[in-house]
Amino acid sequence: MSVHLHWFLPTGGDGRTLVDRHAYTDGGIRRDRITPVSGVRAPDIEYLAQIAKAAEQLGFEAVLTPTGTWCEDAWLTTVALTQVTERLKFLVAFRPGVISPVLAAQMAATYQRISRGRLLLNVVTGGDSTEQKRFGDHLDHDRRYARTDEFLQVVRGVWGGAPFDFKGEHYQVQGGLTALPPDPLPQIFFGGSSAAAGPVAARNVDVYLTWGEPPEEVKQKIDWIRGLAEKEGRTVRFGIRLHTISRDSSQEAWATADRLLDDLDPATVAAAQQALGKSESVGQQRMLALHGGSRDKLEISPNLWAGVGLVRGGAGTALVGSHAEVADRIEEYHSLGIEHFVLSGYPHLEEAYWFGEGVRPELAARGLLDAGPAPLDGVPAANGRPASAPGGAPLLIAGGR
């Protein structure tokens, strides 16, 4: 089992700080109340293309795009980026409750043809009722997962190439059909830590994603999902979502983490924790429990730092250390059964280079990566780094706000 490396596409904005453009002043509803944050980059298509091209050049297999109120639409953004990349895949996140499953199946098929087979799907059931209601979804937490279960049954059914009937609580389909099924069928990624989420993963998905928790807790999740899948007669693969701060030395990496932390004033952290604490997501509550809203003891496991989760929802932990130390932690998670590593860092353009040039060669030397197109092939190098990225960070930035 080889390691599959993926990066992140920040379609909600990027920058040199953990506090982004909506900055928790009031959840970003009233734009005139947003506190300006220096070093923030707008998610325009030119900047996102820089990240996508860098990820492809550095040897990442795919990039994940988020979904929700504060980001660009993942389908439209990534299909545009397929036209400026050659082999990079796109892990498109979407919410099953706001789109017909038959239409989603058709969109995936079209996407595969446009992109020449470069689509992966990340199904996000949603753990915040306020967010869901913005999209017209009024189901409670457990019923949303029940609907996701039906949704994925319909999607796989209509990909079969013959008329498909389905009668469930949430969907009734007669003769559902994708006339030209996608080829290949996109792998389906999915995450959820609640009792309602586990059976959905076991019955329907290819890759179960967990956020970055200490290894012993990740192992418990893997054992849980693996056991449920075995009862369904299926095999599920596993992935993890993490940030990274990788440098030539451990001291440099932790200094970068400290700088990110220094940017956060107590009021910002308190406002973020209050907002995140309202989430119905069990995974989000597990992230919050790792630090308890405190800046103390944020290294919750060797090289695993919970500082990101002080102000950001979703994945709240980062691997921090030298390139070899970060590779050690990836190897440790891999030994538990993690195959897919979906990574990110602030800013995403620079951190892609730090990881791609620093950690990826470490993993390759350990035999953890499949042989594939050589990253940076044909690019002149100096001191082991591309000429375009002296010192490990590129000099390209987008106009911020």
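Every value quoted in this text rests on a predicted model; they were computed, and no experiment measured them.

Student: Whenever I open this one, helix α5 (residues 141-158) confuses me. Can you help?
Tutor: Residues spaced three or four apart along an α-helix point in a common direction, a consequence of the helix completing one turn every 3.6 residues. In a regular helix each residue adds 1.5 Å, so 18 residues correspond to 26 Å; α5 covers 26 Å between its end C-alpha atoms and thus fits that length. With 13 of 18 residues buried, α5 is to be regarded as a mostly interior element.

Student: Honestly, the pairing of strand β14 (residues 318-322) in this entry has me stumped. Any pointers?
Tutor: Two faces belong to every sheet, and in a regular strand the side chains alternate between them. Extensive coverage of β14 is indicated by the burial of 5 of its 5 residues. The sheet contact formed by strand β13 (residues 304-305) and β14 spans 2 bridges and is antiparallel. Note on β14: the bridge partner recorded for L304 is L319.

Student: Mind showing me how you'd approach the nonpolar core here?
Tutor: Most often, soluble globular proteins have nonpolar side chains that are buried together. Grouped together as the largest cluster of nonpolar side chains are 72 residues, with contacts concentrated most on L5, W7, F190, Y333, F341, F355 and L363. For this core, the leading source of residues is helix α1 (residues 45-57), giving 7 residues. Ignoring anything within four residues of it in the chain, the contact list for F190 reads N122, V123, T125, Y145, T148, A197, V200, A201, V205, V207, Y208 and L209. Core analysis: the second largest hydrophobic core is formed by 22 residues, I245, A257, V269 and M287 among them.

Student: Please explain the side chain of N122 as it appears in this structure.
Tutor: On the secondary structure map, N122 appears in strand β6 (residues 119-123). Owing to a relative accessible area of 10%, N122 belongs among the buried residues under this scheme. When neighbours within four sequence positions are excluded, N122 is seen to be in contact with L64, L91, V92, A93, F94, F189, F190 and L209.

Student: Any chance you could explain the side chain of E213 here in plain terms?
Tutor: You can see E213 is positioned in the loop between β10 (207-211) and α7 (215-231). Residue classification places E213 among the buried positions, given a relative accessible area of 1%. Beyond its immediate sequence surroundings of up to four residues, E213 is in contact with V218, K221, R286, M287, L304 and Y333.

Student: What's the story with the pairing of strand β1 (residues 4-8) in this structure? I'm lost.
Tutor: Counting buried positions over the 5 residues of β1 gives 5, a clear majority of the element. Of the two faces of β1, the one lined by H4, H6 and F8 and the one lined by L5 and W7 are each fully buried. The sheet contact formed by β1 and strand β15 (residues 338-344) spans 3 bridges and is parallel. Bridge assignment links L5 to a residue of β15, and that residue is F341. Taken together, the 3 bridges between β1 and strand β4 (residues 62-65) define a ladder with parallel strand orientation. The partner of F8 across the bridge, within β4, is L64.

Student: Please explain the packing of helix α6 (residues 197-204) against α7 as it appears in this structure.
Tutor: When two helices pack together, their arrangement is given by the angle between the helix axes and by the axis-to-axis distance. Contact pair α6 / α7: the axes reach a minimum separation of 8 Å and the direction vectors enclose 55°. In terms of axis orientation, α6 runs oblique to α7. By crossing handedness, the relation of α6 to α7 is classed as right-handed. Contacts from G198, P199, A201 and A202 in α6 reach W224, I225, L228 and A229 in α7. Within the contact of α6 with α7, the residues separate by chemical class into 7 nonpolar, 1 polar and no charged.

Student: Quick question: what am I supposed to make of the packing of α1 against helix α2 (residues 74-81) here?
Tutor: Between α1 and α2, the shortest axis-to-axis distance is 10 Å and the interhelical angle comes to 65°. Handedness of the crossing formed by α1 with α2: right-handed. Together, I45, L48, A49 and A52 of α1 and T77, A80 and L81 of α2 make up the contact between the two elements. The class makeup of the residues in the contact of α1 with α2 is 6 nonpolar, 1 polar and no charged.

Student: Hey, could you run me through the environment of V311 in this one?
Tutor: Mapping V311 onto the fold places it in the loop between β13 and β14. Along the chain, V311 and V19 lie 292 residues apart, while their C-alpha atoms are 6.9 Å from each other.

Student: Any chance you could explain the pattern of salt bridges here in plain terms?
Tutor: Should the charged atoms of two oppositely charged side chains come close, the side chains can pair. Applying the stated rule across the entire model yields 19 salt bridges. The salt bridge involving R41 is made with E350; its shortest N-O contact spans 2.9 Å. Of this pair, R41 sits in strand β3 (residues 40-41) while E350 sits in helix α12 (residues 348-365), placing them 309 residues apart in sequence. Across this residue pair, the class does not change: R41 and E350 are buried. Residue E351 is joined to R247 by a salt bridge in which the shortest nitrogen-to-oxygen separation is 2.7 Å. Of the two residues, E351 sits in helix α12 while R247 sits in strand β11 (residues 237-247), which places them 104 residues apart along the sequence.

Student: Teacher, can you tell me more about the packing of aromatic side chains here?
Tutor: How two aromatic rings sit relative to each other is set out by the distance from centre to centre and by the angle between their planes. Under the defined criterion, the tally for this structure stands at 9 aromatic pairs. An angle of 50° between the planes, with centres 5.9 Å apart, marks the rings of F94 and F151 as tilted. Of the two residues, F94 sits in strand β5 (residues 89-94) while F151 sits in helix α5, which places them 57 residues apart along the sequence. The buried category is assigned to F94, whose relative accessible area is 6%. The class of F151 is buried, set by a relative accessible area of 0%. Note on F164 and F166: the rings are 6.4 Å apart at their centroids and 20° apart in plane angle, and the pair reads as stacked. Since its relative accessible area comes to 21%, F164 is described here as partly exposed.

Student: Looking at this structure, I do not really get α2. What am I missing?
Tutor: Along α2, the positions that sit buried rather than exposed are A74, W75, T77, T78 and L81. As for α2, its buried residues are in contact with α1, β4, β5, α3 (101-115) and β6. Two or three places before W75, at the opening of α2, D73 has a side-chain oxygen 3.2 Å from that residue's backbone nitrogen.

The rules behind these values
- Residues numbered from 1 in each chain as written.
- Predicted model: local features only at pLDDT ≥ 70, side-chain atom pairs only at ≥ 80, totals over all residues.
- Heavy atoms only, no water.
- Helix = DSSP H or I, 4+ residues; strand = E, 2+ residues; numbered from the N terminus.
- Expected span 1.5 Å × (residues − 1).
- Buried < 20%, exposed > 50% of the residue type's maximum accessible area, 1.4 Å probe, protein only.
- Pairing = 2+ DSSP bridges.
- Core = buried A, V, L, I, M, F, W, Y, C linked by side-chain atoms within 4.5 Å.
- Contact = heavy atoms within 4.5 Å.
- Axes fitted to C-alpha atoms, helices over the stretch in contact; angles between N-to-C directions.
- Parallel < 35°, antiparallel > 145°, perpendicular 65-115°, else oblique.
- Left-handed = near helix turned anticlockwise from the far one by under 90°.
- Nonpolar A, V, L, I, M, F, W, Y, C, P; charged D, E, K, R; others polar.
- Salt bridge = Lys/Arg side-chain N within 4 Å of Asp/Glu carboxyl O.
- Phe/Tyr/Trp six-rings, centres within 6.5 Å; stacked < 30°, edge-to-face > 60°.
- Polar contact = N/O pair within 3.5 Å; in protein donor to acceptor, adjacent residues only side chain to side chain.

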